[in-house]
Amino acid sequence: MPHRLRFWFFSLGLAMLLVTVATLAIGGRPDPVGPAKVLDGTWRFHPGDDPRWADPRIDDSGWDRIDLVSLPSNRDFDVGLPGYLAGWHARGHPDLEGYGWYRRHVALPAPGDWTLLGPTMVDDGYEMFWNGKPIGGIGRLGDHPKVVGARPYLVRLPPSPGEHAGVLAIRAFMQPGLGRDDQSGGLRSAPTLASAPFGDTLYSAQWHRTIAGYIVELALPIMMFLLAGIALVMARSTARPGFARWLAVALVATACLRLGNAAAAWTDLIGISTLDRQNAILLSPLAMLAWTAAWNDWAEGRDRRVVLLIAIAAWALRVVAAVTHADALVSIGRAVFAVLFVVIAVRIIVRGERRLLALATMAVIATALFINELSRLGIPTIWFPFNIGVTLTQYAYALALPLLCLALAPASNDAGGRDMGAVKGIATE
C-alpha cells in the first residue's frame, strides 16, 4: 500500500477515535437537575390490546398492580442508560409477546406548561395517551406494527385549564419471535414529567447519551468502507489479491452489520424485525464466510479449495437455519467456522506469509466473530467507559483495522518478509 494512502487512513482513524471518545464523554455525563419527576412507582398493567383502555373513565382496579422503581444507578447492559427496569416477563407474564397496557394517575406539581419525556428503554415500541388523547410515541403500532430502536421522545401535554391531574396510558408492543430473556417486555424505564423549558434540556441530554451509545457503530463502518475501497484498489499489487478481494467483502458486510444498529437506534429507516432478519440471514453469515475465505487465501496449500468449500457449506447452513429459525443449526454453523479458523491458523503457522502479523490480526477478528462463544465461557464482553457501553466486539474491530491496513502492504520477497518484524509502523482504529 502506498505510504501516502496508509498515512491518510491512519490519520482519519485517529481523528475518528478522538471524535468517538469526545462523544462518549459528553453522552456519559449525568442528566441535568431541574423541575422534573420520574413517573415510577405504582402502575396498573393489563396484557392484550383494546383501544378503550386509553379512556381515563374506565375502571382499571382489576388490572395487575406493578411497582416500577427507576434508579439512576440501575443501568442497562448495552448502552448504559440509567433507570433500567425489568419488563413484564419478570412481572408475572413470562410468555407474553405483543401488546400490553400501562396506566396511572399523574398529579401535575403546579399550573403551567408541562412536557412528557417518553421512556428511553422499551421492548419495543409504545404509544402514549393523556386523558384519552394520543400524544405520540416510538414506532408504528396497529395491524401492521413497525418497531424501531427506543430513543428519546418529548411531547407537550395538552392544555387542561383548571385541571391538576390526568391519566397517562401507555400502549406497549413487543415484537414476537426475536428471542427474549426473562427480563424482557414493555417498559424498561419510566417516563418523566418536566416543566416545558427544562424538558427541552433533559431531552437534549438524553439524545447525547443515545448518540454516544451507538457512535462506535458509525465510526467503525466508516473506516471499514474506506479500507474495503483501499483493498480493492490495491488488490493487484498485493502479494495476495484473493485475500484483498475477500477482505473487501468481509469489511463491507461487517460495516453494514454494525451500521444497522445505529440506523435502527437513531432513525426510522429500518425496523427491529427487518434488522434482525437481514443480520441473521444475509449479513452475519456473509461476513463470517468472507473473513474465513480471506484468511484461507493467506496461506499456501492445495487444501485451500477444500477449506473454502466447507466454509461455503457452513454459510449455506447458517442461512437455512436463520430462515427456518433453527437455532441449533446456527450454532453448528458457527462451530464449523470456528474449527476452520483454527485449521487456517495452523496452515499459516506452517506456510504463511508474515506469520505474526497474520495470526495476531486473525485472532482479533476471531474475537469479534465468536463473541457469543466467548461470553458463554464467562469472558467479559462489554465495558462502560464514561458510563457508555463499548463491547469487546467493537474494541476488537477497532484494533483489527490498522493491522489489516498493514497486511495489505506488498510482502517482501526475501525470507524476512515472512515475519511481522519486516512490517514497519503501527496504528490504532
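Residues numbered from 1 in each chain as written. Predicted model: local features only at pLDDT ≥ 70, side-chain atom pairs only at ≥ 80, totals over all residues. Heavy atoms only, no water.

**Q** Please explain the pattern of salt bridges as it appears in this structure.
**A** Close approach of charged atoms allows side chains of opposite charge to pair. Evaluation of the coordinates by the stated rule reveals 16 salt bridges. A salt bridge links Asp 50 to Arg 52; the shortest N-O distance between them is 2.7 Å. Looking at Asp 50, the relative accessible area reads 14%, which means it is buried. Overall, the relative accessible area of 61% leaves Arg 52 in the exposed class. Note that Arg 258 and Glu 217 form a salt bridge whose closest N and O atoms lie 2.9 Å from each other. Taken together, the residues span a long stretch of sequence, with Arg 258 in helix H4 (residues 241-266) and Glu 217 in helix H3 (residues 216-234) at a distance of 41 residues. (Salt bridge = Lys/Arg side-chain N within 4 Å of Asp/Glu carboxyl O. Buried < 20%, exposed > 50% of the residue type's maximum accessible area, 1.4 Å probe, protein only. Helix = DSSP H or I, 4+ residues; strand = E, 2+ residues; numbered from the N terminus.)

**Q** Honestly, a nonpolar patch on the surface in this entry has me stumped. Any pointers?
**A** Judged by side-chain polarity, Leu 12, Leu 218, Ile 222, Phe 225, Leu 226, Val 252 and Leu 259 come together as a nonpolar surface patch covering roughly 470 Å² of accessible area. Among the secondary structure elements, those contributing two or more residues to the nonpolar patch are H3 and H4. Counting residues per element, the nonpolar patch draws most heavily on H3, at 4 residues. Checked against the element boundaries, Phe 225 lands in helix H3. Judged by relative accessible area, Phe 225 falls into the partly exposed class, the value being 35%. (Patch = residues over 30% accessible without salt bridge, like charges linked within 9 Å, V, L, I, M, F, W, Y side chains within 5 Å. Areas by Shrake-Rupley, 256 points an atom, 1.4 Å probe, with all protein chains shown as cover.)

**Q** Where do I start with the nonpolar core in this structure?
**A** Generally speaking, a soluble globular protein has its nonpolar side chains buried in company with each other. Membership of the largest hydrophobic core comes to 65 residues, with the highest contact counts inside it found for Trp 291, Trp 295 and Leu 404. Of all the elements in the fold, those that place two or more residues in this core are helix H1 (3-27), H3, H4, helix H5 (272-296), helix H6 (304-324), helix H7 (327-351), helix H8 (355-369) and helix H10 (392-407). In this structure, Ile 138, Met 174, Leu 187 and Leu 193 belong to the second largest nonpolar core, which totals 29 residues. (Core = buried A, V, L, I, M, F, W, Y, C linked by side-chain atoms within 4.5 Å.)

**Q** What should I look at first to understand the sheet that holds strand S1 (residues 36-38) in this one?
**A** Through backbone hydrogen bonds, the strands of a sheet pair up, either in parallel or in antiparallel fashion. With antiparallel pairing, 4 strands are arranged side by side in an open sheet as S1-S12-S5-S9. Two strands lie at the open edges of the sheet, namely S1 and strand S9 (154-156), each paired on one side alone. Looking at each pair of strands side by side, their axes are set apart by 20° on average, direction ignored. Those strands touched by helix H2 (residues 196-214) are S1, strand S5 (114-117), S9 and strand S12 (192-195), and its axis lies near 130° from that of S12. (Pairing = 2+ DSSP bridges. Axes fitted to C-alpha atoms, helices over the stretch in contact; angles between N-to-C directions. Contact = heavy atoms within 4.5 Å.)

**Q** What exactly am I supposed to notice about the packing of H1 against H3 here?
**A** Packed helices, taken two at a time, are described by the angle between their axes plus the distance between the axes. Axis separation between H1 and H3 bottoms out at 10 Å; the angle between their running directions is 175°. Relative to H3, H1 is oriented roughly antiparallel. Residues Leu 5, Phe 9, Leu 12, Gly 13, Met 16 and Thr 20 of H1 pack against Val 216, Ala 219, Ile 222, Met 223, Leu 226, Leu 227, Ile 230 and Met 234 of H3. (Parallel < 35°, antiparallel > 145°, perpendicular 65-115°, else oblique.)

**Q** When you look at the sheet that holds strand S4 (residues 98-107) in this model, what are you seeing that I'm missing?
**A** Read from one edge to the other, the open sheet built from 6 strands follows the order S3-S2-S4-S10-S7-S8, with strand pairing classed as antiparallel. The sheet is open, and its two borders are formed by strand S3 (64-68) and strand S8 (133-138), each paired with just one other strand. Strand-to-strand twist across the sheet, computed as the mean angle between neighbouring axes with direction ignored, equals 25°. Examined bridge by bridge, S4 and strand S10 (residues 165-174) share 10 bridges and lie antiparallel to one another. In the strand pairing of S10, His 105 is matched with Val 167.

**Q** Just checking my understanding: could you explain unusual backbone geometry for this structure?
**A** Trans is the common state for peptide bonds, and a negative phi is the common state for residues other than glycine. Note that the residue after Asp 123, namely Asp 124, is joined by a cis bond; omega there is 0°. Looking at the secondary structure, you find Asp 124 in the loop between strand S6 (122-123) and strand S7 (125-130). One non-glycine residue, Arg 354, lies in positive phi territory at about 40°. Residue position: Arg 354 is located in the loop between H7 and H8.

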